[in-house]
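Geometric and topological summary
Residues per chain are reported as follows:
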Amino acid sequence: MTNPIVRVQGITKTFGDTVKALDDVTLEFEPGIIYGLLGPNGAGKTTLIRVLTTLLRPDAGSAVVAGVDVLADPKTARTKIGLAGQFAAVDDYLTGRENVEMVGRLYGLSIAESTRRATEVLERIGLSDAADRQVKTYSGGMQRRLDLAASLVGRPEVLFLDEPTTGIDPRSRIDVWKLITDLVDGGTTVLLTTQYLDEADQLADRIAVIDEGRLISEGTSDDMKDMLGGSVIELSVPEESQSETIEALRAIVGSEPLVHGVTREITVPAAEGPKTLTAVVRALDAASIIPQDIALHKPSLDDVFLTLTGHPAENPGADEQQPNGRRGRRRRRKS
Amino acid sequence: MTAVTAPSKPGRVAASLPQTIRDIIVITKRNLLRNLRLPQLIILSTIQPIMFLFLFTYVFGGAIGGTLPDAAAGEYINWLIPGLLVQTAAFGAGQTALGLTEDLSKGVIDRFRSLPMARSAVLAGRTVSDVIRNGFVIGLMMAVGILIGFRYQTSLAGLFAGMALAMVFSFAFSWIMATIGLLVKNPEAVQAAIFLPVFPLVFASSVFVPTQTMPSWLRAFADNQPVTVTVDALRGLILGEGALLPGNTVIGQVALSLFYSGMILAIFVPLSVRLYRRTVS
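Here the structure is a predicted model, which is why all the values come from computation and not from measurement. (Residues numbered from 1 in each chain as written. Chains lettered and ligands numbered in written order. Predicted model: local features only at pLDDT ≥ 70, side-chain atom pairs only at ≥ 80, totals over all residues.)

Below, the discussion takes up the overall build of chain B. For chain B, the count of helices and strands is 11 helices and zero strands. Secondary structure elements of chain B, listed N to C terminal, follow the sequence α-α-α-α-α-α-α-α-α-α-α. Against the 2.2 N^0.38 benchmark of 19 Å for 281 residues, chain B shows a C-alpha radius of gyration of 20 Å, consistent with a compact globule. Projected onto its principal axes, the C-alpha coordinates of chain B cover approximately 60 × 40 × 35 Å. Expressed as a percentage of the 281 residues in chain B, the buried residues total 48%. A sequence separation of at least 24 residues applies to 78% of the contacts in chain B between residues at least 6 apart. (Helix = DSSP H or I, 4+ residues; strand = E, 2+ residues; numbered from the N terminus. Rg over C-alpha atoms; globule rule 2.2 N^0.38 Å. Buried ≥ 20, exposed ≤ 12 C-beta atoms within 10 Å, placed from the backbone. Contact = placed C-beta atoms within 7 Å.)

Here it is, written out as structure tokens:
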């Protein structure tokens with residue numbers, strides 16, 4: 001990559017003596033894309049955002065954002081970035097416009113400029129009609145959008161969005177997605193964190209999977225799905241038939257089936273698609289096992305996550321088994 | 001209030017003075033707008049000191065009246081008002097800690113810290129808006145006091161000088177509260193934490209009663225701590241030198257009160273700005 005807009009090298013941050021929030025994280029990406037940081041709660045996503053937005057000093061490593069070393073020159077870095085955190089950092093008792101204008105002033109814009117810019121940003125974010133109402137009258141989704149508007153007012157080169165859709169209703173979520181895509185079409189670079197696999201899948205041009213402070217995979221959404229080698233079969237069987245089923249599956253697909261820590265759902269790669277499924281059904285039938293549910297589908301990021309970390313995304317730490325040799329990095333240049 | 005700098009460390013570049021002042025004004029305006037639009041806050045924080053005024057005047061007034069210096073002109077309320085102004089200044093400063101923890105818990109501070117603004121402006125804007133609010137409460141208390149019989153014994157200038165001194169003290173105290181807020185971080189816990197310094201300082205003082213009847217060990221503290229010094233300075237300005245302990249002068253008490261406020265600022269401004277920089281909410 002000739003001109004990465006964000007370059008993170010060997011960032012490590014330990015809280016207290018033992019909790020490694022970030023462990024030697026290295027990543028970089030080019031301008032004009034949405035970069036998704038995917039991981040369960042407590043994976044270190046927010047910590048990385050805090051380092052990149054000058055809120056937290058790492059113990060080791062370096063980070064360059066928009067050509068500025070955030071550790072050596074945080075003040076200049078702050079002029080290049082926008083941050084929308086996990087909670088809408090807006091004032092309930094101010095109007096939408098007052099909130100955005102205030103942030104504009106704090107970015108160093110003149111009064112006239114911040115007024116003009118606020119109108120512009122509120123228009124763009126679809127809050128013009130509500131702009132002069134106090135924020136306490138806004139819905140959760142509107143507050144998040146306003147928060148996003150505030151982070152845009154200083155024309156940041158890189159926008160950091162920490163879980164931009166957590167806690168908002170599904171419709172607002174799609175509004176926020178659209179907004180983010182529009183922004184990137186307008187030339188902004190976005191780094192967002194999410195614990196929702198579909199969100200990373202939908203939005204991100206590149207995805208980094210982070211778990212327990214370590215970057216465990218990096219690439220495009222398709223790269224990741226390719227790692228599973230095509231489709232997967234998901235099935236569940238009665239508790240007493242579980243081990244027998246796993247044994248049968250192992251014989252067919254030649255690798256260790258993954259078992260969901262809570263639902264006990266079994267996932268295996270289906271290299272030959274329907275043909276593999278047929279083989280599985282025959283084997284189960286021969287063993288007189290009647291599955292409660294069985295399905296063949298294209299791999300989701302959920303499957304990718306399970307394969308990479310050995311535990312499902314929604315249930316961190318439930319199942320610490322090691323992934324079987326599928327861990328690895330793949331990179332593909334975006335054309 | 002310029003940004004406190006540590007030039008030796010990389011990246012700790014102070015904002016320019018005009019920028020710092022501008023940022024302080026922006027934050028002050030934001031906090032004051034909040035106050036104006038949340039009238040419950042103003043009403044509740046005003047009712048409490050006025051309730052104190054009535055309770056102390058009518059419950060204790062009769063019992064204490066006889067032991068007061070002549071400068072109080074035989075009226076407990078004349079003695080009480082300067083004390084209550086300082087008490088209000090100290091209690092009101094607690095709002096600084098509450099406001100800060102609230103901003104911390106809502107992620108507002110994270111946003112501010114990620115902006116290219118003066119690092120000291122969030123705290124200075126908070127303390128400045130709180131001192132303005134406390135000035136309003138102090139003025140209102142004075143008005144209610146006059147309605148129920150308070151009379152200054154010196155001059156109008158002395159009265160205003162006294163109120164101004166209470167506001168200086170309130171501003172200094174706000175920085176102690178800012179430090180407490182940044183240390184405690186949690187809005188519920190901070191409610192209890194702010195009273196830790198406030199209660200001993202306000203009650204072991206000359207706010208409500210002359211210190212002469214206190215045991216000598218307590219009196220040694222009470223006579224010399226900043227609340228008593230400031231209350232005595234106010235009484236000197238408002239009631240005259242006769243309200244002071246023998247040997248003390250009005251100018252001396254005023255100077256000492258300003259010295260205390262200056263010391264508090266010299267310690268707690270850099271301390272809280274440092275904590276602010278490091279705070280992880």
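To continue, consider helix 3 (residues 76-105) of chain B. When the terminal C-alpha atoms of helix 3 of chain B are compared, their 43 Å separation across 30 residues agrees well with the 44 Å that a helix rising 1.5 Å per residue should span. In terms of burial, helix 3 of chain B is largely enclosed, as 27 of its 30 residues are buried. (Expected span 1.5 Å × (residues − 1).)

With that out of the way, let us pick up the sheet that holds strand 9 (residues 206-211) of chain A. All names here are of chain A. Across the sheet, which stays open at both edges, the six strands sit in the order 6-7-8-3-9-10 with mixed pairing between neighbours. In this open sheet, the two strands that pair with only one neighbour each are strand 6 (81-84) and strand 10 (214-219). Taking the axes of each pair of neighbouring strands and ignoring which way they run, one obtains an average angle of 15° across the sheet. By the bridge criterion, five bridges tie strand 3 (residues 34-38) to strand 8 (residues 189-194) in an arrangement that is parallel. Among the inter-strand pairings, Leu38 is bridged to a residue of strand 8, identified as Thr194. Lying on the sheet, helix 1 (residues 45-52) is in contact with strand 3, strand 7 (158-162), strand 8 and strand 9; it crosses strand 7 at an angle near 150°. (Pairing = 2+ DSSP bridges. Axes fitted to C-alpha atoms, helices over the stretch in contact; angles between N-to-C directions.)

All right, on to the sheet that holds strand 12 (residues 258-259) of chain A then. Working definition: the strands of a sheet are paired by backbone hydrogen bonds and lie parallel or antiparallel to each other. All names here are of chain A. One open sheet holds the four strands; their spatial order is 12-13-11-14, and the pairing between them is antiparallel. Of all strands in the sheet, those bounded by a partner on one side alone are strand 12 and strand 14 (293-297). In the sheet, strand 11 (residues 231-236) pairs with strand 13 (residues 266-270) via five bridges, with the strands oriented antiparallel. Its bridge partner lying in strand 13, Ser231 is registered against Ala270. Most of the contacts of helix 10 (residues 274-286) go to strand 11, to which it runs at about 25°, and overall it touches strand 11, strand 13 and strand 14.

Along its sequence, chain A is organised into domain 1 (6-224) and domain 2 (229-298). Taken over C-alpha atoms, the centre of domain 1 of chain A sits 40 Å from the centre of domain 2 of chain A. (Domains from an automatic or database assignment.)

All names here are of chain A. Given a rise of 1.5 Å per residue, 13 residues ought to cover 18 Å, and the 19 Å separating the end C-alpha atoms of helix 5 (residues 140-152) matches this to within 8%. Burial runs high along helix 5: 12 of the 13 residues are buried. Looking at helix 5, one finds that the buried residues are Gly141, Met142, Gln143, Arg144, Arg145, Leu146, Asp147, Leu148, Ala149, Ala150, Ser151 and Leu152. Where the residues of helix 5 are buried, they touch strand 6, helix 3 (96-106), helix 4 (111-124), strand 7 and helix 6 (170-185).

Residues Ala149 of chain A together with Leu85 and Val86 of chain B are the most contacted members of the largest nonpolar core, which totals 152 residues. Examining the composition of this core, we find that 15 residues originate from one element, helix 3 of chain B, more than from any other. With residues up to four places along the chain from it excluded, the contact list for Ala149 of chain A reads Val100, Val121, Leu122, Ile125 and Leu127 of chain A. Core analysis: the next-biggest nonpolar cluster, separate from the first, contains 12 residues, Val232, Ile233, Ala248 and Ile266 of chain A among them. (Core = buried A, V, L, I, M, F, W, Y, C linked by C-beta atoms within 7 Å.)

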